[in-house]
Structures are given as structure tokens and as C-alpha cells.
Amino acid sequence: MTVYRKISLLMLAVFLLIYLLGALLYTQQARHDVQRELDGVAGLAQSLGSPADLPESVVSSMRHMIPADMESGSGGEVPAWFSAMIAGEPSRPVVNGWQVDPADEVEEIWEGFLLISGAYAIGMGLCFLALFVMVRRGVRTLASLTEAMGAVSAGQLTSRLPRQGEQELDTLVCRFNSMAGALESEQQTVGRLLNELLQLQDREREHIARVLHDDLGQYLTGIRAQARSLLYDPDLGDRQKQQARDLAEHCETIQKHFRHLLQDLHPLVMEQLGLGSAIRHLAEQWQQLSGLECRLAMDERLPEFTGEQQTHLYRFLQEALNNVSRHANASCATLAVARKDNELSIEVRDDGVGNDQLPGNAGLGVRSMCERARCLGGEVRFLSRIGEGTRIRLAVPLSPNTGGVL
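None of the values given here were measured: they were computed from a predicted structure.

Chemist: Just to check I follow, could you spell out the overall build of the chain for this structure?
Modeler: When helices and strands are counted, the chain shows 10 helices and eight strands. Across the 406 residues of the chain, 36% fall into the buried class. In the chain, the proportion of contacts linking residues at least 24 apart, taken out of those at least 6 apart, comes to 69%. Accessible surface computed for the chain: about 24,800 Å², of which carbon and sulfur atoms make up 55%.

Chemist: What should I look at first to understand the confidence of the model for the chain in this one?
Modeler: Fine structural detail should not be taken from predicted coordinates in areas where pLDDT scores are low. Considering every residue of the chain, the mean pLDDT works out to 81; 87% of them sit at 70 or more. Ranking the elements of the chain by mean pLDDT puts helix α2 (residues 56–60) last, at 66, and strand β6 (residues 343–350) first, at 91.

Chemist: Can you walk me through the nonpolar core in this structure?
Modeler: One recurring pattern in soluble globular proteins is that nonpolar side chains are buried together. Membership of the largest hydrophobic core comes to 37 residues, with the highest contact counts inside it found for Leu313, Leu317, Leu344, Ile346 and Leu394. Those elements giving two or more residues to this core turn out to be α8 (275–290), β4 (293–298), α9 (307–328), β5 (332–340), β6, α10 (364–375), β7 (379–385) and β8 (389–397). Top contributing element to this core by residue count: α9, with eight residues. Every residue in contact with Leu394, bar those within four places of it in the chain, is listed here: Leu313, Phe316, Leu344, Ser345, Ile346, Ala373, Leu376, Glu379 and Val380. Ranked by size, the runner-up nonpolar core spans 14 residues in total, among them Leu38, Val78, Ile86 and Ala87.

Chemist: Please explain the sheet that holds β7 as it appears in this structure.
Modeler: Backbone hydrogen bonds hold the strands of a sheet together, and the pairing may be parallel or antiparallel. Strand order in this open sheet of five strands is β4-β5-β6-β8-β7, and the pairing throughout is mixed. Because the sheet does not close on itself, it has two edges, and the strands there are β4 and β7. Pairwise comparison of adjacent strand axes, ignoring direction, gives a mean angle of 10 degrees for this sheet. Together, β4 and β5 form the strand contacts of α8, whose direction differs from that of β4 by roughly 165 degrees. Of the strands in this sheet, β7 and β8 touch α10, which is tilted by about 145 degrees from β7.

Chemist: What am I meant to see in the pattern of salt bridges here?
Modeler: Close approach of charged atoms lets side chains of opposite charge pair. This model, assessed by the stated rule, comprises eight salt bridges. A salt bridge links Asp170 to Arg163, with the nearest nitrogen and oxygen atoms 2.6 Å apart. By relative accessible area, which is 12% here, Asp170 ends up buried. Arg374 serves as the salt-bridge partner of Glu371, at 2.5 Å between the closest nitrogen and oxygen. Within this pair, Glu371 and its partner Arg374 are both found in helix α10, separated by three residues, close to a single helical turn. The class for Glu371 is buried, based on a relative accessible area of 8%. Since its relative accessible area comes to 44%, Arg374 is described here as partly exposed. Put simply, Glu347, Arg349 and Arg393 are held in one network by salt bridges that share partners.

Chemist: It is not clear to me how the pairing of β4 should be interpreted in this structure. Could you clarify?
Modeler: Here β4 runs beside β5; their pairing, made up of six bridges, is parallel. Counterpart to Ala297 in the pairing with β5 is Ala336. Following the backbone out of β4, through α9 and into the adjacent parallel β5, one traces a crossover that is left-handed.

Chemist: Looking at this model, I keep getting lost on α9. Mind explaining?
Modeler: Since the α-helix advances by 3.6 residues per turn, residues separated by three or four positions end up pointing in the same direction. For α9, which comprises 22 residues, the first-to-last C-alpha distance of 30 Å matches the rise-based estimate of 32 Å (1.5 Å per residue) to within 8%. Burial within α9 is extensive, with 16 of its 22 residues counted as buried. Of the residues trailing α9, Asn329 is marked for its positive phi of about 55 degrees.

Chemist: I keep staring at the side chain of Glu184 and nothing clicks. Help me out?
Modeler: Within the element layout of this structure, Glu184 appears in helix α5 (residues 167–230). Residue Glu184 is classed as buried on the basis of its relative accessible area of 19%. Residues in contact with Glu184, not counting those within four places in the same chain, are Leu157, Thr158 and Arg160.

Chemist: How should I be thinking about the packing of α5 against α10 in this particular structure?
Modeler: Two numbers describe a pair of packed helices, the interaxial angle and the distance between the axes. Relative orientation of the contacting elements α5 and α10 amounts to 100 degrees, with a least axis distance of 10 Å. The orientation of α5 relative to α10 falls into the category roughly perpendicular. Here Gly191, Arg192, Leu194, Asn195, Leu198, Gln201 and Asp202 of α5 lie close against α10, whose contacting residues are Ser368, Glu371, Arg372, Arg374 and Cys375. Residues of the contact of α5 with α10, tallied by class, amount to three nonpolar, four polar and five charged.

Chemist: Would you mind going over the packing of aromatic side chains with me for this structure?
Modeler: By convention here, two paired aromatic rings are described through the distance between centres and the angle between planes. One pass over the structure, following the stated rule, counts nine aromatic pairs. Centroid distance Tyr19 to Tyr120: 5.5 Å. Interplanar angle 40 degrees. Geometry classified as tilted. Taken as a pair, Tyr19 in helix α1 (residues 3–48) and Tyr120 in helix α4 (residues 103–153) lie far apart in primary sequence, 101 residues in all. Given a relative accessible area of 29%, Tyr19 falls into the partly exposed group. For Tyr120, a relative accessible area of 24% translates into the label partly exposed. Centroid distance Phe82 to Phe113: 5.7 Å. Interplanar angle 35 degrees. Geometry classified as tilted.

Cut-offs used in this document
- Residues numbered from 1 in each chain as written.
- Predicted model: local features only at pLDDT ≥ 70, side-chain atom pairs only at ≥ 80, totals over all residues.
- Heavy atoms only, no water.
- Helix = DSSP H or I, 4+ residues; strand = E, 2+ residues; numbered from the N terminus.
- Buried < 20%, exposed > 50% of the residue type's maximum accessible area, 1.4 Å probe, protein only.
- Contact = heavy atoms within 4.5 Å.
- Areas by Shrake-Rupley, 256 points an atom, 1.4 Å probe, with all protein chains shown as cover.
- pLDDT = per-residue confidence, 0-100.
- Core = buried A, V, L, I, M, F, W, Y, C linked by side-chain atoms within 4.5 Å.
- Pairing = 2+ DSSP bridges.
- Axes fitted to C-alpha atoms, helices over the stretch in contact; angles between N-to-C directions.
- Salt bridge = Lys/Arg side-chain N within 4 Å of Asp/Glu carboxyl O.
- Right-handed = clockwise from strand over helix to strand, strands pointing away.
- Expected span 1.5 Å × (residues − 1).
- Parallel < 35°, antiparallel > 145°, perpendicular 65-115°, else oblique.
- Nonpolar A, V, L, I, M, F, W, Y, C, P; charged D, E, K, R; others polar.
- Phe/Tyr/Trp six-rings, centres within 6.5 Å; stacked < 30°, edge-to-face > 60°.

The following block contains the structure:
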């Protein structure tokens, strides 16, 4: 039951109780007044004498008494139950040829009762109308508050409510606006910290990759070259040459895995050949390491990105493909990168088992993807169902003039 109905029923019960008490008091006072009037009329009839001895004009002008041989013709609109409740017994004693008749008095009381009841009904209707207006305003504010809270729960922390004229509702609205503002501030702080953490992570990866490439990579290359040179030393026997050959092969295997590690840490090919080549290399490397098919569809001309934006986009795709190989149990993945009007559209799709709870039960990897999408100014959507695979769609708005990220 709604609040308005509860309040209305309570007020209706109170109004009916007041009305019944007032009607009871009114009828009690009316009975007392009628009885007192009848007593006075009986005394008047005793002093007047017989109606036969009086002029007809005097007899017809008398109130509350009529000749005994005449029937009462007034009070026909008064209900019988009301007349009996006010005047009591319908038969009255005859005094000096006069019949005491309270019909006129009862009719006046009935008219007064109707007038008071009508005024009371109008007042009650106005009270209910005022109640309806006030409750409706309050309920409208509560409905707006409910809608705003739903928007906040969906992540739209910019939702605010206008100030209200009622103090209680205005206090509630101010508290909500303050709460939403605090949540928005905390979200911005968390987003900024996470962005800084991602940037720091990318810089550390880049630093480690460069150190490994410039130092350890050179050492491995030197060891491999020395092992190869030992094959041409005439002073070594066949056993030593075989050991040198094995050492060279081990160095080559280490270098192969080393290149994959460097690619995971920092895609040097992106610095050398650009984002498009880095994405193609990523798809080829992922297909080689995971053993799954990767179908790549990419526009030849990609928008202009800064180095930081390229890193965010590359890491986004890298995390999406890694999730396919780790969790999707798929046999094929499709990576589509297309430029549509003023938007860069990216979709990663697989034919795996799917997940109805995505991204609700997402881990750190999916959260980092969401944060990288936010850093790019884009919007990411996860579409996944059990048995139907998973689709990850990223839409990045582009500047209409330069083609870069807005």
C-alpha cells in the first residue's frame, strides 16, 4: 500500500470519528432545544384558550402547535428516523384544543444538520486535496531520488537533484548531492591513481625491456657468436664442437623466448613501424604462442595517436587476447579494427564458453581494460553469454579535424 493511501485512510478514519462525535453532540443539543421549545408551546396553548375562540389568522400564524382536529402538513422532507430521534414520540397530548407539533423545529434542525454536514464534507475534501498535492510533490521528489540513485549505481556519478522548497526534502536532496559529489570525487581520484599506476607500469616495462635488450640481449648474441666460431677451430675435437653447436642452439632458443618476453614487456616494433604493424605482430605472436587461430581485419590507415595512447590501445588488445587464451576455451579469435566516421571501432570476439557474469565478476585484467578505455576517452562494452562466446567492443571518439583522439 502506498504512503498516500495509508495517510488517506488514517485521515478518513479521523474525520469520520470527529463527524460522528459532532453529530452525536448536535443531536443531543437539538433534542434538548426541541423539548424546551415544546414545553414553552404547551404553556402558551394553555393560556390562549381553544382555537375555536380565536380568529383564523391567529390560528394559522401559530408555530409548533395546530388545532387538534388538523393534521400536520410540514416536515415532509425530514427523514422519519431523524424526526423520531429529535422529537421523540410522534403523538403529543392535546392542550386546550391545541396539538403540539415540533415539525417546524425538526425541519429547521434537519436543514442546519445538512448545512453543517455539507460544509464539513467540503472542508474534508479540501484537506484531502491539499494532502494529495503535498504527498504528490514529496513522492515526485522521492521518485527523482530513486532514479538518481539508480543512475549512481550504474556508474553515472554526475547525477544531481534540484533544491526543494520543503525543508525535509531539501535536506534529503542536499545529502544525496553531497554523497554523489563525494563518490564522483573518489572515482576521479581512483581513476587518476589507476591511470598513474598504468603509466608507471608501462614505463617500468619499457625500461626493463630496454635494459634486457641492450645488455642481456647483447650478451646472448655474443655467446652465440662465440659458440659458432668454435665450430671452425681446428684444435677442437668433435665432442667439443658438438658442445659448441648445442650451446649455440640453446642461445638461439633463449633468444627466441627472449624476444617474446621483450614483446610482452614493451612492443619495440610499435616505436619502429607504428601501431598498425604492432597490432599485426601482436596477432601473429598470440596465434603462435596460444596455438589458436586469430583472424585480423584492420583498416590500413589508422588515426594519429600519441605514444601514451598507442600504449593504452596496444595493452587493451593484448589483455583481451590473453583473456581469450586463458579463460575462453576457444578455438578461434577475431580482431577487427575499423575507422567509422569520427570513431575508431575495435572488436575482439571469440567462440568460447562465454560468461554471463562479465564484467560483474571481472578480475584485474578486465578492470585495467576499462581504465585504459577511459584514458582513451572511449567506451568499452562486454557482451558474453554461456555457450555463445564473448565480444569486447571499444569505441574511441576521434577529432573530426585531425583524426586524433578527442
